[in-house]
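Listed below, chain by chain, are the residues.
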8 protein chains.
Amino acid sequence: MSNNKPYVRLDRDNAVVLLVDHQAGLLSLVRDIEPDRFKNNVLALADAAKFFNLPTILTTSFETGPNGPLMPELKALFPDAPYIARPGQINAWDNEDFVKAIKATGKKQLIIAGVVTEVCVAFPALSAIEEGFEVFVVGDASGTFNELTRDAAWRRMEAAGAQMMTWFGVACELHRDWRNDIEGLGALCANHIPDYRNLMTAYNSLQAK
Amino acid sequence: MSNNKPYVRLDRDNAVVLLVDHQAGLLSLVRDIEPDRFKNNVLALADAAKFFNLPTILTTSFETGPNGPLMPELKALFPDAPYIARPGQINAWDNEDFVKAIKATGKKQLIIAGVVTEVCVAFPALSAIEEGFEVFVVGDASGTFNELTRDAAWRRMEAAGAQMMTWFGVACELHRDWRNDIEGLGALCANHIPDYRNLMTAYNSLQAK
Amino acid sequence: MSNNKPYVRLDRDNAVVLLVDHQAGLLSLVRDIEPDRFKNNVLALADAAKFFNLPTILTTSFETGPNGPLMPELKALFPDAPYIARPGQINAWDNEDFVKAIKATGKKQLIIAGVVTEVCVAFPALSAIEEGFEVFVVGDASGTFNELTRDAAWRRMEAAGAQMMTWFGVACELHRDWRNDIEGLGALCANHIPDYRNLMTAYNSLQAK
Amino acid sequence: MSNNKPYVRLDRDNAVVLLVDHQAGLLSLVRDIEPDRFKNNVLALADAAKFFNLPTILTTSFETGPNGPLMPELKALFPDAPYIARPGQINAWDNEDFVKAIKATGKKQLIIAGVVTEVCVAFPALSAIEEGFEVFVVGDASGTFNELTRDAAWRRMEAAGAQMMTWFGVACELHRDWRNDIEGLGALCANHIPDYRNLMTAYNSLQAK
Amino acid sequence: MSNNKPYVRLDRDNAVVLLVDHQAGLLSLVRDIEPDRFKNNVLALADAAKFFNLPTILTTSFETGPNGPLMPELKALFPDAPYIARPGQINAWDNEDFVKAIKATGKKQLIIAGVVTEVCVAFPALSAIEEGFEVFVVGDASGTFNELTRDAAWRRMEAAGAQMMTWFGVACELHRDWRNDIEGLGALCANHIPDYRNLMTAYNSLQAK
Amino acid sequence: MSNNKPYVRLDRDNAVVLLVDHQAGLLSLVRDIEPDRFKNNVLALADAAKFFNLPTILTTSFETGPNGPLMPELKALFPDAPYIARPGQINAWDNEDFVKAIKATGKKQLIIAGVVTEVCVAFPALSAIEEGFEVFVVGDASGTFNELTRDAAWRRMEAAGAQMMTWFGVACELHRDWRNDIEGLGALCANHIPDYRNLMTAYNSLQAK
Amino acid sequence: MSNNKPYVRLDRDNAVVLLVDHQAGLLSLVRDIEPDRFKNNVLALADAAKFFNLPTILTTSFETGPNGPLMPELKALFPDAPYIARPGQINAWDNEDFVKAIKATGKKQLIIAGVVTEVCVAFPALSAIEEGFEVFVVGDASGTFNELTRDAAWRRMEAAGAQMMTWFGVACELHRDWRNDIEGLGALCANHIPDYRNLMTAYNSLQAK
Amino acid sequence: MSNNKPYVRLDRDNAVVLLVDHQAGLLSLVRDIEPDRFKNNVLALADAAKFFNLPTILTTSFETGPNGPLMPELKALFPDAPYIARPGQINAWDNEDFVKAIKATGKKQLIIAGVVTEVCVAFPALSAIEEGFEVFVVGDASGTFNELTRDAAWRRMEAAGAQMMTWFGVACELHRDWRNDIEGLGALCANHIPDYRNLMTAYNSLQAK
């Protein structure tokens, strides 16, 4: 029996990050992850994108209506990123500018997160898979109404071939080796994993003696 | 590696909605979703079927016995829909009239929900897949005894090729673009997502100034 | 041993309902009760207040700011109720108009609900107890950040002598006897308890034969 | 400091059991305890009442309407018990026949269970305490809509002086000493505690060798 | 795209039931399903096997040691069934008598349940699939240490091609049509689904008028 | 207002430990705490009793029957402790030898744990309070059927004046000051709190450099 | 009946904040609140203390050992606060310097939070109550091993007269009226309640038009 | 239809155990399994590896930094095992010495556990599958931040062909037949499954008579 399935592994030279509809209004719909944790997860993914210098694309849906504006922190982190305020397409992939921006990067791996998971994440993920992209869903930086809804969304994307991940797994798979930048990855962890910050605080305190 | 799996996407011109056994007695068996939410989910799916003008088929099992009559709201919403009161078949697909009603629509995509999930939804879903239909299960408008039972039912349908969805994902995938009817989709959301109604209330209040 | 503690029982001739800060923005903070249920609970309490003709007082906090406007359904149900838009007082009892409106009713029993529980409900509840009112907290029509927060709020109010209740208990204690208005109480239940509506649907269907 | 509070202990010569509104329709409202367990708890309490020969009083609310008939098992177990089908009083204590039946027993300890907890149990419990009875609430043979509601109901009764118990605690406190009837209590446990039945099965099997 | 996957459907003429290691001692290890429910599920499956006259095979592991004797109810229900007390094989399929007993039935569909899920159920399920049997796992009549363990066991069996089901789904799929025996299936439901018994009690009461 | 309630504080010179019915059979009934944790909690309390040299009294109920023998670890830890195998009394306080053993110590503070909480712990706790003892219940070294049952038991004991504690709180309140025996308390923590052991492992490793 | 219990209300002119043992090592023991939320709660309380200019006292237990150093954020926020590194006393109130620091403030209301709740918070809370202080426990800025442990700790403190609160309730009760500093309280909320920040982001965006 | 998928079964002559990064610091990050249980699971797997004499390989990541040293118990159990302290590679498979150590065993089945699941377990698992190894993940001896993260990690490994197991399933599949060493397997169970120890205690006690 040959079970040797290739490891489709994130490659920092071939990946682009898509942040879909993390808007102030829509965030109030997210109830499968508690708000302190969810906010942290989204910012952790954004910080990781920055740290690895990955091309990052922002998009929003009707940001002048009840859905509200993009999280200001994301705007501030990626001032020069392509920013597609979609005029109506629910599936971001139905927006030509969004797809063009992705294709312009020349990358084949899409790291995607958004709100809500079963729509804003799943639809473009399924479209991208159909076009041959490798899709990595950041499950903990994507949110939706409740756990049942999340479960359905994850199953649909997984069945289509998307890889389910979380921000920390994405960061570690991109980084490969601590020696590439020990302090950089350490800071990313300390800023977004309270338990890890505690470990570092204790460690540094003992080292200082 | 070619992972480019086609995106089997809901198409409002090719879809039919099947509402199976949402009967007053059977609803008391549903305990994997709390009752306020479940009632809302079923009515949201029904409203979506109406909004998108999808052919809709109603069916019940032994409605003159303990299973009880169909939810009156569904009868009222679809007064002219095919209504198959099955004389005994547990799997609705074993009832010729039900299958005929589906085939008469000429549609190839089945959006299905019902009570209880592992029987009234799963059995016709598996039969339909065998006959080549594309099956989309509305997981949150389907209910059953508990989470373990739901999990088993979802796994069996998913393994057979059904796509697991929820009412909101179905509505968004059918709608494609807000511009097709902004107020219509907005009303559907406001009526069935309390958090979304809050967003609209706040937005409208500020706009009115 | 004499344990015969008096039963401080709700009396429809001596009770007033206080709805505190059920505002569109603040509602997005409520995460100890899921939104479909919470919306239903608040409207059930409001319908009960209406059904029993209880004097009802509405108040809001900074409704022109991020807290947002009062739920429109409440405004619509009580168009002539005292409505105190507080200019800044966090504890509604610190607002003279609010207390005056209560005292003007001449009632000694306060039925109170609001958002968030540990502030907008607990503060006036504690103030009212100090002034000798009998306070009945409607716990399921009051919401807050999470279960830990709710637990703390309930303990503090209970320790001060507030009675913890829910909307259905309030309605039943006020009604005393089904014969006072069978259809009225039946409608209240059917509109706000999906399982009870199912019972009535099944019952009516069998009676009709 | 004198903390020596008297132990208000169940006494089989001074206790009466009140089963309030365990009706087929109302049982569908119970969602704070899963149905297999709840049915078992109610029957366990009934079996205990029988085993200890306690006077037992049955009452129902509108049993010819949607609330439905009393659980047939209870009728069958107590064919000669006072049975008060209340014509409308929500609080059973407001029904003179019910109170008379209790007082006719001459007992001062009331063991009470019912559906739903915050109404059918709490109201008569509070009334009885006011009249000087010692009230023992069987919390796991009483059911209601959800855990929040149960929590409110328990707090209110406890604050008034009711003792919160469960059927097993009641049975053990009444029995006092296994030697009063080893086989009797053993059978009660084996019939209603699956884990205890397993212990007895294993034990008997080894003893038989 | 051809998604028309055949529906591998339970057939009462081609199915055999395997009850593996439901022993008094091992049952104390089951903590992923609460004991009242689990006992009910196992007996429901056994009653269904009896009702459909399916050949049923019992097996135990070391029943004279700490694992304890088979649940007496199962012995009593199937006095003439093949009963293989395995002398040591953990995977029942490693026991020749067990496999012979299965093959002697000539059936190709195996309905399997047992304790603990990841060992006593999963191992023979995987062996049977390898030999070409169609395997239907009764997930709610199988128990194990906790939910994480159950999840792992279910995933492994599902990945190998087992179909995950529950006792009610099995019974309904075998029965096909209520008209085959309305009272028989009704009794099975009433005896093992408390909510269904309530529906029947209420229905019968109203019919009797 | 004078709220200055005296702090009833554990005093190692005035406390005795009562371990009630931690028997092999009865332990299988404990389902409100998972088994790895519960076993650890019971042994932690026992080790604390040993560490503080507190007089300790063991008692069992019908240990030659299905309830099974005392946990062997407890027997081994306290070979010379009073050991009362009760011939039938369910409430250990009804057994004269048990009460005599307690009174023989001359201590006024009782630290009590057992299985099951609402019977084997609550009954003697209530009896002891009536006689003027100060009762400290070790809630996490006591177990019962489920969380509802535990909640009822805790409320009843608390209402009577028992103080609810856990093994770690008991140990810390007895120890008062780390300097009384740093290594002793450290070992107790490391042996029974995995997270604390990790802290010590990391600390010692860094200190060793 | 006179139920008019005085409202013991936080007063910014009479309150002091005690932060007990929020140390890097001990924080790894906290498992009743998830880490992102817990860290946020502790910093929110600290920011509130700062905002209201409350005297604040820091204390640690063995900070050079495995318990680890104080959270650096707390040190940074309160550089001039009394800082008592206890040499061994588990109950901070047993340390004279700690009590002196409190008494030096002349305040009678203690707002206390710490790790772990049942020891580092409960012990000084009980001691302070005995001395006549009014104690307000910040339950969500205090953490411990699990929910059972928290429940026991809360019950013990509540029974002694402590008031259970959370950081947001504390802040609102201290502030009294938004008009005292709208922007200040708004910033506190926005920085520590992600849902509130979303409301402000959406509001500001609409206002800016 | 041919569903006869081969059973990829653990074989004690062809399996190696990989324990990845069970380090004192990293263990504080594990929050999807409670600490008493997790510690037990890891030691159970280690004891099983020892019992079956499987070659075992230990590896750590930055053990001199905040991640901390390997659990001392593992070091002590496998003093002569290959021990690869990785200088920086996050995926252990990127470390040549680690892969060499595995290949030197000549085994084709990898039993892997570690901390955290989605990184330290998933990455080498995916790499090993790509190279044709059969991978068995010990899910309950692997830990991570929370259940959502675990779910994502399990899905990714499962989709790639890893088999999800738990320590008890691994031990039973390796052992095959109790008669290979009844006492050995019995001891493994008794030491790591408290319920099983109770069964043995009760059994031995009765046998001794």
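All of these numbers come straight from a predicted model, not from anything done at the bench.

## Side note on the relation of the copies chain H and chain A
And step 1. Rotating chain H by 90° and translating it 0.0 Å along the rotation axis places it on chain A, where the RMSD comes to 0.0 Å. On this basis, the relationship between the two copies can be described by a four-fold rotation axis.
And step 2. An overlap of only 10% is found between the interface residues of chain H and their copies at the interface of chain A, pointing to separate contact surfaces.

## Brief notes about the UniProt feature "domain: Isochorismatase-like" (unreviewed entry) in chain A
And step 1. UniProt's entry tags residues 16–167 of chain A with the feature "domain: Isochorismatase-like" (unreviewed entry), counted in the numbering of this structure.
And step 2. Secondary structure content for residues 16–167 of chain A is 43% helix and 19% strand, and the end C-alpha separation is 14 Å.

## Focus on unusual backbone geometry
And step 1. At the junction of Val115 of chain B and Val116 of chain B, the peptide bond is cis and its omega measures out at -5° in the coordinates.
And step 2. Here Val116 of chain B shows up in the loop between strand S4 (109–114) and helix H4 (117–130).
And step 3. Positive phi values are uncommon outside glycine, yet Asp21 of chain A reaches one of about 65°.
And step 4. Inspection of the secondary structure puts Asp21 of chain A in the loop between strand S1 (15–20) and helix H1 (24–27).
And step 5. Positive phi is not limited to glycine here, since Arg176 of chain G has a value of about 70°.
And step 6. Topologically, Arg176 of chain G is positioned in the loop between helix H7 (167–175) and helix H8 (182–192).
And step 7. A relative accessible area of 29% places Arg176 of chain G in the partly exposed class.

## Comments concerning a negative patch on the surface
And step 1. On the surface, Glu147 of chain A, Glu147 of chain B, Glu147 of chain E together with Glu147 of chain H cluster together to form a negatively charged patch.
And step 2. Summarising the element assignment, Glu147 of chain B is placed in helix H5 (residues 147–159).
And step 3. By relative accessible area, Glu147 of chain B is classed as exposed at 54%.

## Quick notes on the interface of chain H and chain A
And step 1. With 40 residues of chain H in contact, the opposing surface of chain A contributes 39 residues.
And step 2. Summed over both sides, the interface of chain H with chain A buries roughly 3,300 Å², with 59% coming from carbon and sulfur.
And step 3. For the pair chain H and chain A, the number of links is 5 salt bridges.
And step 4. Between Arg155 of chain H and Glu158 of chain A there is a salt bridge, and its shortest N-O distance comes to 3.0 Å.
And step 5. Along the lines of polarity and charge, the residues of the side of chain H that touches chain A split into 18 nonpolar, 14 polar and 8 charged.

About the criteria used
Residues numbered from 1 in each chain as written. Chains lettered and ligands numbered in written order. Predicted model: local features only at pLDDT ≥ 70, side-chain atom pairs only at ≥ 80, totals over all residues. Heavy atoms only, no water. Least-squares fit on C-alpha atoms with pLDDT ≥ 70 in both. Contact = heavy atoms within 4.5 Å. UniProt positions renumbered as here; feature names shortened; annotations may be inferred. Helix = DSSP H or I, 4+ residues; strand = E, 2+ residues; numbered from the N terminus. Buried < 20%, exposed > 50% of the residue type's maximum accessible area, 1.4 Å probe, protein only. Patch = residues over 30% accessible without salt bridge, like charges linked within 9 Å, V, L, I, M, F, W, Y side chains within 5 Å. Areas by Shrake-Rupley, 256 points an atom, 1.4 Å probe, with all protein chains shown as cover. Salt bridge = Lys/Arg side-chain N within 4 Å of Asp/Glu carboxyl O. Lys, Arg positive; Asp, Glu negative; His and termini not counted. Charge placed at Lys NZ, Arg CZ, Asp CG, Glu CD. Buried area = accessible area lost by both parts, 1.4 Å probe. Nonpolar A, V, L, I, M, F, W, Y, C, P; charged D, E, K, R; others polar.

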